[in-house]
Amino acid sequence: MLRNYLIIAWRNLLRNKLRAAIHILGLAIGIAACFVIYNMLSYEYGFNRDVPGYDKIFRITTVTSHGEDRWPNVGVPFPMGDAVKDEVGGVESLARIFDNANAMVGLAERPTAFGRQRHVVYTEDKYFDIFPAKWLGGNPEKALNRPNTVVLTQSSVNKYFGEISVQEALGKELIYNDSISVQVTGIIEDIKENNDLIYTDYISLSTLTSSTSARKFINAENWDNVNSASQLYVQLSHPQQLSSYETSLDQIIDKYLNNEEGWSTEFFIEPLSDLHFTVNPNHTANKFTLMGLSIMAVFILMIACMNFINLETAQAIVRAKEIGIRKTLGSSRFQLMLQFFSETLVIALLALMLALLLTEFSVHYFAEMIPADMEINYLSTGNILFLLGLVVLVTLLSAIYPALMLTGYNPVKAIKNQLKDIHQNRWGYFVRKNLTVLQFTLSIGFIIGVLVISHQLKYLANESMGFNKELVLYADTPFLDESGRNDQLKESLERLSFVKSVSLSGDILASRSLFTTTIERHKGEEIEELGIQAKNGDSLFVDTYEVPLLVGKRIENDSTEILINETFMKDLGYDFPADAIGEQLVLYGERNVEVVGVVKDFNSRSLYEQIRPLVIFYEPEYFTKINVKLQANTNLQEAKSLLDKEMKELYPEEDSGFRFFDELVANFYQSEQKLQEVLSFATVLAILISGMGLFGLSAFTIAQRTKEISIRKVLGASASQILVLISREYMVLILIAFVLAVVPTWLLLEEWLKQFAYRTPMPISLYLLAGFLAFLLCVVIVGLHSLRTINRNPSEVLKSE
Amino acid sequence: MIKLSNIDKYVDSKFQRVFILKGIDLEIEQGEFVTLMGPSGAGKSTLLNIIGLLDDDYVGDYEFEGEMVNKMKEKQRHALHKKEFGNIFQAYHLIDELTVYENIETPLLYRSVSSSERKSIVAELLDRFNMVAKKDLFPAQLSGGQQQLVGIARAIAGKPRVLLADEPTGNLHSNQAKQIMEVFAELNREGTTIIQATHAEENAAYGNRLLEIVDGKIEEDKILIK
């Protein structure tokens, strides 16, 4: 029986090659999209899963708010660790870490440096209770319990000391950040890639807490300062009762934090399962993006299924005869449905094979949209089940309606071709129309999405950020460098003819990082505390980036002078820049500073965010960046290599070199660009599949109307009149689809645009353009078919009828 | 075997009820070869469809072997149709996508006949109708007469007791038509009850009973003696 079904399925495919190709290609694209996205989802959601006690591990995070502004931070004030240990019950284990990404590492014996290592962290023994590692050497209990010790992963050991045994490596010395000397006391296996905490070097936290200068740097006693590097991980004994833990945290706030008027701090308990989607040393994934991708993949598959239903029901009359015969031969309705399902299954299985090819192709072609470490294991149980499940689902979804409709025919009428007027068929026509509308609604929605997102990105690129990003390069300099090499480098760069200005600073003018603090204004006895963003830079900092100085002078490399921006000027209560000059403020509660100038507002972060009140101050000890503005008409690559050469002479251990500032700024919108790329791709697929569907459907309906067209021609209708006649019904469908597509896309895009502080108004013209494009597509597809029929000689057609 | 009492079949249009069959009383015994004759639209095909259980939209009683067909459930009727009836059509209605062999095999599949038995039945039929060499051809590769032979082979593959033929020779040349009718006569001699609808006078001669149908009524019921 099944063999008979499959034979006829196969012969039907061969007989209708166009229809089969449309079905298989469409479903294959849909299945491939779903398959890739499914793998992305299981990859991203699979992070940290193999940590024992996955459900019991949490990170405490902080949100500081002032009025409407919220400043979330994955770190906590450093003293928080001790406070939680002492005052919160039900904590099985607790580990503080201080993340030191990009730490400089060198050997103690020889002046050999390994450049910056990305995953260096300060932490304590308890860390390995929460995140167990496989120990190859050293004592897990004691390895980190005294200052100046380090636990290394196997790969770090090999990197620093070459292929030596564990015993040889233990006891070796390393220098971190040019100043911290540590001894290797433990060696662990490398952390697996599907973990977020992929540190390679673990220095004992007491190394920091035992040094006075380091204590100041990490704000060891300060409750007001939140640094995202200072994090707190806990393993809870009752993870189901998070609210009781939150109550305890609130008590800590009441006890230790005396928030100023209008300011408030909250602590949150973030489960380990969220870590991958917030901030972590490995890459982070965006839940919103993943959800969007999933929806897109499902839509594409749905469009493909709709195609199937459309074409199959359109073909119903052709198939009806066979169904009728089979019924008179004794087939039950159930057997007929089974036959139809097995036919669809054959198509779905062929589509699956093609889908696997497409997947392989897309994984290579769209490598940058897929997480770098992700690999698709086609033979994993999960994937096999998913694919089989998907094939069954696609088969059921696609086949159930045509199967019900076709097998419901009265056999007598079906055989005699008397189906044209019966009820079921009109219903089929109705469904078909609606599915076409739905397909085009989705396609038009995709087109609008791509157009609007591109429009916003263009807007962002053209929006002035308030500084000149061209001809600026920057590089890292060693942290807490006491040798004065920074100044030496600055001087030697200034001597280069193509250099316009050189500035040392704590951060570049616009970056992803954000340093916020408060500044005090003393009015007699009363102290007013104001929230600010702070940048540390020398006198040429604003010149290098061409930020206009509205009034006053630059900082004369004097730590009592500060520059402020217009926003902060308004916060201080001044309407005119000149009035703010001479304002006396207190930084860090100890340093008296005076406003010497006001700069025009500029965006120091991406255009997602409003400009914050900003203070530029001078603190040369913490300079870690060197910024260079080039003369106009300089050859950029040549200039970069000369700058790198100067840098290398002074800092042989630095290997990153100079980077272009404008590239960094462009990178702010990387995720948007990615979204745009993915959406464009999805749009092409959606249009392709819908187009194929319309192609097949119109081929069929026009073929049915061949006689009518010929008669009209004989009666004197012109080609264009017939074209209008045929296209008209499709035009109406496109128009309905357009109307249906507009509202949801409008709402969705409005939501997306809202996250930008600087956004384009909703471009109505692009909506119309999208509608017009769909319209055009439809005219071309239907028109091509119509023309072929119109051009046939009517006498030929009518003779054969 | 078959007993129809007061069968009416009509369609209701807006203003009037149009009768296709009216007051049909008919009894057919096993082994009869009945010919229904009459002009187009007289109701021959409709009557055949009602007898063959393909049409259940009528008023009146239909008894098959003493069982009331019009009181049966869909499932029973379907089972009865499958067991007792074979259909032959004017336009042959072979399945275009299947070969001669597969077409003949199809009704056996629906009757859950085992694979080896299917093979022997189909082989026997191919042999009987001299079509062994053509078993792998598709319907489109056969002449009309050959297609109708396949149609007959298919109809009798399930060993039905009643064969219903609607204008079986309508699309055939006279020579081919003769061949088909001889096959019918032979099947009838072997015991199969045959009911055919036809326009052609000469076809009636093969049967032993002739029903003249005009305007949905049986005008004449003749026994033919050879």
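Quantities reported herein were computed from a predicted structural model and do not represent experimental measurements. (Residues numbered from 1 in each chain as written. Chains lettered and ligands numbered in written order. Predicted model: local features only at pLDDT ≥ 70, side-chain atom pairs only at ≥ 80, totals over all residues. Heavy atoms only, no water.)

## Description of the sheet that holds strand S9 (residues 209-214) of chain B
Residues and elements named next belong to chain B.
Part 1: One open sheet accounts for six strands, arranged S6-S7-S8-S3-S9-S10; its pairing is mixed. What marks the edges here is a single partner per strand, and that holds for strand S6 (85-88) and strand S10 (217-223). Each neighbouring strand pair of the sheet contributes to a mean axis angle of 15°, computed without reference to strand direction.
Part 2: Strand contacts of helix H6 (residues 174-189): strand S3 (33-37), S6, strand S7 (162-166) and strand S8 (193-198), with the helix running at about 150° to S8, the strand carrying the most contacts. (Pairing = 2+ DSSP bridges. Helix = DSSP H or I, 4+ residues; strand = E, 2+ residues; numbered from the N terminus. Axes fitted to C-alpha atoms, helices over the stretch in contact; angles between N-to-C directions. Contact = heavy atoms within 4.5 Å.)

## Details of the packing of helix H11 (residues 287-314) of chain A against helix H14 (residues 381-407) of chain A
All names here are of chain A.
Part 1: In the contact formed by H11 and H14, the axes pass within 9 Å of each other and the chain directions differ by 30°. Classified by the angle between their axes, H11 and H14 sit roughly parallel to one another. Where H11 crosses over H14, the handedness of that crossing is right-handed. Counted together, Leu301, Cys305, Phe308, Ile309, Glu312 and Thr313 of H11 and Leu390, Val394, Leu397, Ser398, Tyr401, Pro402 and Met405 of H14 form the full contact between these two elements.
Part 2: Taken together, the residues of the contact of H11 with H14 sort by class into ten nonpolar, two polar and one charged. (Parallel < 35°, antiparallel > 145°, perpendicular 65-115°, else oblique. Left-handed = near helix turned anticlockwise from the far one by under 90°. Nonpolar A, V, L, I, M, F, W, Y, C, P; charged D, E, K, R; others polar.)

## Quick word on the UniProt feature "domain: ABC transporter" (unreviewed entry) in chain B
Part 1: When the UniProt feature table is mapped onto this chain, "domain: ABC transporter" (unreviewed entry) is found at residues 2-225 of chain B.
Part 2: What you have in residues 2-225 of chain B is 35% helix and 29% strand, and the ends, taken at the C-alpha atoms, are 22 Å apart. (UniProt positions renumbered as here; feature names shortened; annotations may be inferred.)

## Topic: H6 of chain B
Part 1: Helix length check: H6 of chain B, at 16 residues, gives a terminal C-alpha distance of 22 Å against a target of 22 Å (1.5 Å per residue), a fit within 8%.
Part 2: Where H6 of chain B is concerned, the buried positions are Gln176, Ala177, Ile180, Met181, Val183, Phe184, Ala185, Leu187 and Asn188 of chain B. (Expected span 1.5 Å × (residues − 1). Buried < 20%, exposed > 50% of the residue type's maximum accessible area, 1.4 Å probe, protein only.)

## Quick word on the packing of aromatic side chains
Part 1: Taken as a whole, this structure holds 26 aromatic pairs over all chains when the rule is applied.
Part 2: Their ring planes at 90° and their centres at 5.5 Å tell us that Tyr127 of chain A and Phe128 of chain A sit as a pair that is edge-to-face. For the pair shown, Tyr127 of chain A and Phe128 of chain A are each scored as buried.
Part 3: Ring geometry for Phe131 of chain A versus Tyr233 of chain A: centroids 5.5 Å apart, planes at 85°, classification edge-to-face. Placement of Phe131 of chain A in the loop between helix H4 (127-130) and strand S7 (135-138) and of Tyr233 of chain A in strand S12 (residues 230-236) is noted, with a sequence separation of 102 residues between them. For the pair formed by Phe131 of chain A and Tyr233 of chain A, the shared burial category is buried.
Part 4: Taken together, Tyr127, Phe128, Phe131, Trp135, Tyr199, Tyr202 and Tyr233 of chain A form an aromatic cluster joined through their ring pairs.
Part 5: A cation over an aromatic ring shows up here: Arg17 of chain B above the ring of Tyr10 of chain B, its NZ or CZ 3.9 Å from the ring centre. (Phe/Tyr/Trp six-rings, centres within 6.5 Å; stacked < 30°, edge-to-face > 60°. Lys NZ or Arg CZ within 6 Å of the ring centre and 35° of its normal.)

## Some points on the nonpolar core
Part 1: Among the nonpolar cores identified, the biggest contains 138 residues, and Phe467, Leu493, Tyr545, Leu643, Phe658 and Phe661 of chain A are the most heavily contacted of them.
Part 2: Top element by residues in this core is helix H2 (residues 17-44) of chain A. It accounts for 15 residues.
Part 3: A domain-level breakdown of this core finds at least three residues from each of domain 1 (2-41 + 287-458 + 670-800) and domain 3 (478-653) of chain A.
Part 4: In this structure, Tyr545 of chain A is in contact with Phe467, Asn468, Val472, Ile508, Leu509, Asn627 and Phe661 of chain A, ignoring residues within four places of it in sequence.
Part 5: Core analysis: the next-biggest nonpolar cluster, separate from the first, contains 34 residues, Leu94, Leu149, Leu163 and Tyr206 of chain B among them. (Core = buried A, V, L, I, M, F, W, Y, C linked by side-chain atoms within 4.5 Å. Domains from an automatic or database assignment.)

## Looking at the pattern of salt bridges
Part 1: Enumeration over the complete set of coordinates arrives at 43 salt bridges over all chains.
Part 2: Put simply, Arg11 of chain A and Glu102 of chain B hold a salt bridge, and the shortest N to O gap is 2.5 Å. Of this pair, Arg11 of chain A sits in helix H1 (residues 2-15) while Glu102 of chain B sits in helix H3 (residues 100-110), placing the two residues on different chains. There is no split in this pair, since Arg11 of chain A and Glu102 of chain B are both buried.
Part 3: For Glu32 of chain B, the salt bridge is made with Arg209 of chain B, and the minimal N-O distance between the two is 3.2 Å. Taken together, the residues Glu32 of chain B in the loop between strand S2 (17-28) and S3 and Arg209 of chain B in strand S9 connect sequence positions 177 residues apart. The same class applies to Glu32 of chain B and to Arg209 of chain B, which are both buried.
Part 4: One network of salt bridges, in which partners are shared, links Asp82, Lys85, Arg96 and Glu124 of chain A. (Salt bridge = Lys/Arg side-chain N within 4 Å of Asp/Glu carboxyl O.)

## Focus: the environment of Arg118 of chain A
Residues and elements named next belong to chain A.
Part 1: Its location among the elements puts Arg118 in the loop between strand S5 (113-117) and strand S6 (120-123).
Part 2: Considering only alpha carbons, one finds Arg118 and Pro281, 163 residues apart in sequence, at a separation of 8.6 Å.
Part 3: Not counting residues within four places of it along the chain, the set of residues in contact with Arg118 comprises Ala101, Asn102 and Pro281.

## Description of the interface of chain B and chain A
For interface size, the figure often reported is the accessible area lost on association.
Part 1: Listed per partner, the contact involves 25 residues of chain B and 27 residues of chain A.
Part 2: Regarding the contact of chain B and chain A, the summed buried area is about 2,300 Å², with carbon and sulfur atoms giving 57% of it.
Part 3: Contact with chain A buries surface across chain B, with His93, Glu97 and Tyr110 of chain B losing the most and accounting together for 32% of the total.
Part 4: The shortest N-O distance in the salt bridge between Glu97 of chain B and Arg15 of chain A comes to 3.7 Å.
Part 5: Here chain B and chain A share seven residue pairs in polar contact (both at pLDDT 80 or more) between them.
Part 6: Listing elements by their share of the side of chain B that touches chain A, those giving two or more residues are helix H1 (44-51), helix H2 (74-84) and H3 of chain B.
Part 7: Top element by residues in the side of chain B that touches chain A is H3 of chain B. It accounts for six residues. (Buried area = accessible area lost by both parts, 1.4 Å probe. Polar contact = N/O pair within 3.5 Å; in protein donor to acceptor, adjacent residues only side chain to side chain.)

## Here's the deal with the packing of H1 of chain A against helix H13 (residues 333-365) of chain A
Residues and elements named next belong to chain A.
Part 1: Interhelical geometry of H1 versus H13 gives an angle of 55° and a closest axis separation of 9 Å. Relative to H13, H1 is oriented oblique. Where H1 crosses over H13, the handedness of that crossing is right-handed. Across from Leu2, Tyr5, Leu6, Ile8, Ala9, Trp10, Asn12 and Leu13 in H1, the residues of H13 making contact are Gln335, Leu338, Gln339, Ser342, Glu343, Val346, Ile347 and Leu350.
Part 2: Looking at side-chain class alone, the contact of H1 with H13 contains eleven nonpolar, four polar and one charged residues.

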